[in-house]
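Here is what each chain is made of, one letter per residue.
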Amino acid sequence: HDTFEIMLWRSLVGLVLVAGFCVATGRLRDVRRDRLGSHLLRNVVHFAGQNLWFWALASIPLAQVFAIEFTSPLWVILLAALFLGERLTRVRLFGAALGFLGILVVAQPDFAALEPGVIAAALSALCFAATNVLTKVLTRGEGIVSILFWLTLMQLAFSLVAVLWDGRATAPTAATLPWLALIGVAGLGAHLCLTTALSLAPAGFVVTLDFARLPVIALVGWVVYAEAVSPAVFAGAGLILAGILLNLRAGTSAAGTQPERDNSVTPRH
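One structure accompanies this document, and this report is about it. (Residues numbered from 1 in each chain as written. Predicted model: local features only at pLDDT ≥ 70, side-chain atom pairs only at ≥ 80, totals over all residues. Heavy atoms only, no water.)

**Details of the overall build of the protein chain**
On a plain count of helices and strands, the protein chain comes out with 11 helices and 0 strands. Starting at the N terminus and walking to the C terminus, you meet the elements of the protein chain as α-α-α-α-α-α-α-α-α-α-α. Residues classed as buried in the protein chain amount to 44% of the 269 residues present. Within the protein chain, contacts between residues separated by at least 24 positions form 88% of all contacts whose residues are at least 6 apart in sequence. When the accessible surface of the protein chain is summed, it comes to about 13,500 Å², and 71% of that surface belongs to carbon and sulfur atoms. (Helix = DSSP H or I, 4+ residues; strand = E, 2+ residues; numbered from the N terminus. Buried < 20%, exposed > 50% of the residue type's maximum accessible area, 1.4 Å probe, protein only. Contact = heavy atoms within 4.5 Å. Areas by Shrake-Rupley, 256 points an atom, 1.4 Å probe, with all protein chains shown as cover.)

Right, dumping it as structure tokens:
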């Protein structure tokens, strides 16, 4: 299955689960329609990022994909400054520079012949950062059920258009259908956890905890797919994590010296 087909089945499974939950609990009324423009923007960006991520996943080692993806919090810092009016300090810029140095250590790119999978992973990280910022904005006044409903419905529509556009759809088989269903359940569960976390805590703090995935996926890649685990991946990931932690500390210090304000929209780092 290509990436669009995987997204189609993932979104269909997710929509069935969300809609079933809404019907069973009488929460269809919680699905709002007054912020469809914001949902559309968020889901277009996320759809692009998710497809780039699936493509990278099939092109380069798992640990390398995840290490590059973990630059997402650093992109959040830059995007928040551009679109949410957050101030970029020297400490934050230094932290971002550490993160980009980490990317170079992990990817070890040959700029004369840059690998498409590395480019896809980097662009997916940028898209996920934008998605986190947009999700943080949506969680102000928008319920998690409504966010997940429009996520699954819109991404199902995008995937269907993409599958029909390239005209090369492959029907699921008895061997692939259980895996597609598992991807759908796991994907929805991840979004539920992430959206809930973003509604309760600053985006920078939430995404930093996500670093636990790197050693886990490196082990999975080694055991299941016989992928070599390069020390450069962990060295680069360490630089990326250092940059993120530096920005978190700078954000916490700034919050302690500034007047109290509403942080439900603007994530702190």
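**Observations regarding the packing of aromatic side chains**
Working definition: an aromatic ring pair is given by the centre-to-centre distance plus the angle between the planes. Under the criterion given, the structure shown has 4 aromatic pairs. Note on F47 and F158: the rings are 5.6 Å apart at their centroids and 65 degrees apart in plane angle, and the pair reads as edge-to-face. A residue pair is termed long-range when its members are at least 10 positions apart, and F47 in helix α2 (residues 36-57) and F158 in helix α7 (residues 144-166) qualify at 111 residues. Given the relative accessible area of 22%, F158 is considered partly exposed. Look at F149 and W150: their rings are 5.2 Å apart centre to centre, the planes differ by 80 degrees, and that puts the pair in the edge-to-face class. F149 gets classed as buried once you look at its relative accessible area, which sits at 14%. Looking at W150, the relative accessible area reads 11%, which means it is buried. (Phe/Tyr/Trp six-rings, centres within 6.5 Å; stacked < 30°, edge-to-face > 60°.)

**Some thoughts on empty space enclosed by the protein**
It is the rolling of a water-molecule-sized probe over the atoms that shows where space remains empty. Going through the model one piece at a time under the given rule, you end up with 2 cavities of 30 Å³ or more. Its boundaries defined by the atoms lining it, the largest cavity holds a volume of some 90 Å³. Every residue along the wall of the largest cavity is listed here: M7, R10, S11, G14, H46, L151, T152, Q155, G184, G187, L188 and H191. A breakdown of the residues in the lining of the largest cavity according to their chemical character gives 3 nonpolar, 8 polar and 1 charged. Here the second largest cavity is characterised by a volume of approximately 30 Å³. Taken together, P61, A63, A218, G221, W222, E227, A228 and V229 make up the lining of the second largest cavity. Within the lining of the second largest cavity, the residues separate by chemical class into 6 nonpolar, 1 polar and 1 charged. (1 Å grid on protein atoms, 1.4 Å probe; cavity = no way out; pocket = protein on both sides within 12 Å on 5 of 7 lines; lining within 4 Å. Points joined across faces, edges and corners; volume = space filled by probe spheres on them. Nonpolar A, V, L, I, M, F, W, Y, C, P; charged D, E, K, R; others polar.)

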